Amino acid sequence: MDTPIRVHGLTKVYGGGFRAVDALDLNVPRRSFMGFLGPNGAGKTTTIKIVTNMLSATSGRAYINGVSVMEDPKTALADVGAVVETPEFYPYLTPMETLHYLGELRGLSSCETTNRGRDLLDLVKLTDWREKRVGKFSKGMKQRLAIAQALLSQPSVIILDEPTSGLDPRGMVEVRDILKQLHKLDVTVLMSSHLLNEVQEICTDVSLINRGRLLRSGSVADLLDEVKARKIDVRTLRPLTPDMFDRLRAVPGVKGFAVTGDLSFSLDFEGEEDAQARLLIELQNLGLMVVSFKESGLALESLYMSLIMESR
Amino acid sequence: MMEAASVVNNRERLPSDLQQMVTVAKYDVLKHLRSKRLLGLVILEALLLGLTFALPLLLGVDPTDDPAGYMSAFVSWVEILVIIGATMFAGDAIVSEFQSRTGYLLFPNPVKRSTIFVGKYLSTLGIIVLMLVVYYGVAAALVFAMTGGGTLLSLYSMLLACAYGAAAAALGFLISSVFKGSTGSLVLTFFTLFMILPMIAQLLPAGSIKPWFVLTFCGHVISYIMISPYPTDLVDSISLGNGEFMEYWTYYPDIGGSLAVMGGYVLICLALGMYLFRRKEMVS
Ligand SMILES: Nc1ncnc2c1ncn2[C@@H]1O[C@H](COP(=O)(O)OP(=O)(O)OP(=O)(O)O)[C@@H](O)[C@H]1O
Ligand SMILES: [Mg+2]
């Protein structure tokens, strides 16, 4: 199977007649990390819920490892780990018991669950809470446990809906590290997220949807190549004076600039890295005494913004 | 291209529906055992047993030495006990997965919804049977202590109570598959069994209709079986003055028919509930 997750013509019309997902096609290639992007209400969670058998689709198909989720959910989900929304846990079970419950449903031996459970709870930093009932866990702790349970059976398909939501900054970094380790394995991931830095850091591919429709899909590298203009923030010790404006505009690659403060301005710049290096030299030659010189925002963010704008 | 090794592995080791059903039931029983509801029910049982036993002694009433008569006093509480048990352990069994969002954890697993449904029902049934066995056991022990005897009728009554429990729980499962909120589901389950059905069973005889199909009416067999001979339907007439009489019937459920009706409730409620549960969407 070259596309472990395949969604074709998926449509979901909610009770009130609202079309949350509209003839969506989505293909997640094997061993890719697909970032699933889109504004609030775009239909990401709805799509993920259909793929994980929590909602029924109005029409269309979803296949996991070649098996239809609609026709045979049990087989289709056999090799899937999922975190959808922040799930609630059974408050009367401890993390370890929860893993045993889910492991037993998937046919893991008790011994295997214990060993893997210990490693996973260690990985998500819940070891100290292993034997405490989940009832009083905080949202972030539940999210960590959710990630641990998704990895329990070492599935080859992992579906995550905003996996780092609710985590503290360190938790986010830790979860990202866990996800990055998955790159080494034969694992396919579909992950919705609003954190574009996170997506740019861990995803190999992205699919961007809006209003239930696919806007764009492709590898991160290809999409980023499309974004030529970059914004560069510059801080200096000497002010940028009007007599320098023409010389600045004349530097190759500079498309425009905006003064953002007494000792700062930003440049719209188009060009490769060597052109960017030359830009810095030019700025120093102007006698500005550059303190800092960095790309602002993320390339992915610019792409996201422009595509969302176009689709309105 | 080759499939990932874990696809084959995870598919092959997937347990059968039956095995998964046992797993669901097992962990659901654990839920009941650790819940405050079970504690509440145990306290209620103790209270009912204690009261039935101690009150006659305190009031100085001479206790009968007829075991069946004595046991009847205990059995008279069983119907309400079953209703409370069915409410607590079935009344929100399904809706709680949705309302408390634990469905987000359970449903993406390779388990059929029908497996989850039946597994949960079995666990509820187990708890209700456990509750009844304990109650009847203690009651029979008290009867033996006071009268030096016992009666086989207690066992029959307990078996009928288990059947009634199974039907009441199935009704609770159906109601909890319909509702969106736990509270509404619990309240409706309780009032259906405690008021609505009994009211229907009260009204129907006025039109000379035997309410044989009303679940709570059938539930009375639990108490009537303690009476020997078993009571039969009878017609009575009351004088309305001026020489006119009005006939009215007192109906008694018959045992075989009631068992059949209870079985019918189990089958219909479970089938309908399972159908609804399979279609129920995990939203919110
Ligand atoms: N149960 C429901 N009934 C009616 N409309 C719904 C329901 N659930 C979601 N919607 C609507 O469907 C649309 C898509 O919702 P969805 O949760 O899939 O968006 P999302 O992309 O996950 O958004 P977010 O980024 O905020 O998580 C929204 O406009 C939402 O209002
Ligand atoms: Mg969402």
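Residues numbered from 1 in each chain as written. Chains lettered and ligands numbered in written order. Predicted model: local features only at pLDDT ≥ 70, side-chain atom pairs only at ≥ 80, totals over all residues. Heavy atoms only, no water.

Trainee: Run through the overall build of chain A, naming residues and quoting values.
Mentor: Regarding its fold elements, chain A presents 11 helices and 14 strands. Its C-alpha atoms give chain A principal-axis dimensions of roughly 75 × 45 × 35 Å. Out of the 312 residues belonging to chain A, those deemed buried represent 51%. Counting only contacts in chain A whose residues sit at least 6 apart along the sequence, the fraction spanning at least 24 positions is 67%. Here chain A displays about 13700 Å² of accessible surface, and carbon together with sulfur accounts for 51% of that area. Treating the 38 positive side-chain charges of chain A as one cloud and the 40 negative ones as another, the clouds have centres 4 Å apart. (Helix = DSSP H or I, 4+ residues; strand = E, 2+ residues; numbered from the N terminus. Buried < 20%, exposed > 50% of the residue type's maximum accessible area, 1.4 Å probe, protein only. Contact = heavy atoms within 4.5 Å. Areas by Shrake-Rupley, 256 points an atom, 1.4 Å probe, with all protein chains shown as cover. Lys, Arg positive; Asp, Glu negative; His and termini not counted. Charge placed at Lys NZ, Arg CZ, Asp CG, Glu CD.)

Trainee: I'd love a proper account of the domain arrangement of chain A, names of residues and values included.
Mentor: All names here are of chain A. Each assigned domain of chain A is listed with its residue range as follows: domain 1 (5-224) and domain 2 (227-311). Using C-alpha coordinates to define each centre, domain 1 is positioned 39 Å away from domain 2. If you look at the interface, domain 1 gives 13 residues, while domain 2 gives 10 residues. Around 1200 Å² of area is buried between domain 1 and domain 2 when both sides are counted, 75% of it from carbon and sulfur atoms. Put simply, domain 1 and domain 2 have zero salt bridges between them. (Domains from an automatic or database assignment. Buried area = accessible area lost by both parts, 1.4 Å probe. Salt bridge = Lys/Arg side-chain N within 4 Å of Asp/Glu carboxyl O.)

Trainee: Break down the interface of chain A and chain B for me, with residues and values.
Mentor: Across the boundary between the two partners, chain A contributes 47 residues, which contact 41 residues of chain B. Note that A:Glu112 and B:Arg13 form a salt bridge whose closest N and O atoms lie 3.2 Å from each other. Counting across the interface, chain A meets chain B through 22 residue pairs in polar contact (both at pLDDT 80 or more). Looking at side-chain class alone, the side of chain A that touches chain B contains 20 nonpolar, 13 polar and 14 charged residues. (Polar contact = N/O pair within 3.5 Å; in protein donor to acceptor, adjacent residues only side chain to side chain. Nonpolar A, V, L, I, M, F, W, Y, C, P; charged D, E, K, R; others polar.)

Trainee: How would you explain the site of ligand 1 if you had to name every residue and give the values?
Mentor: In the vicinity of ligand 1, 14 residues are found, and the nearest of them are A:Gly41, A:Lys44, A:Thr45, A:Thr46 and A:His194. With respect to ligand 1, the chains having nearby residues are chains A and B. At 3.2 Å, a backbone N or O of A:Ala42 approaches an oxygen atom of ligand 1. Between an oxygen atom of ligand 1 and a main-chain N or O atom of A:Gly43, the distance comes to 2.9 Å. Summarising the interface, the protein chains cover 66% of the accessible area of ligand 1, which totals 630 Å² for the free molecule. For the shell around ligand 1, the leading source of residues is helix α1 (residues 44-51) of chain A, giving three residues. Its residues placed into classes, the shell around ligand 1 shows six nonpolar, six polar and two charged. (Near = heavy atom within 4 Å.)

Trainee: Can you explain the packing of helix α3 (residues 36-59) of chain B against helix α8 (residues 113-147) of chain B? Please cite residues and give values.
Mentor: Residue and element names in this part refer to chain B. For the pair α3 and α8, interaxial distance at closest approach is 11 Å and the crossing angle is 20°. Our classification of the angle between α3 and α8 gives roughly parallel. Remark: the crossing between α3 and α8 carries right-handed chirality. Seen from α3, the contacting residues are Leu38, Leu41, Glu45, Leu48, Leu49, Phe53 and Leu57; seen from α8, they are Ile127, Met131, Leu132, Val134, Tyr135, Val138, Ala139, Leu142 and Met146. (Axes fitted to C-alpha atoms, helices over the stretch in contact; angles between N-to-C directions. Parallel < 35°, antiparallel > 145°, perpendicular 65-115°, else oblique. Left-handed = near helix turned anticlockwise from the far one by under 90°.)

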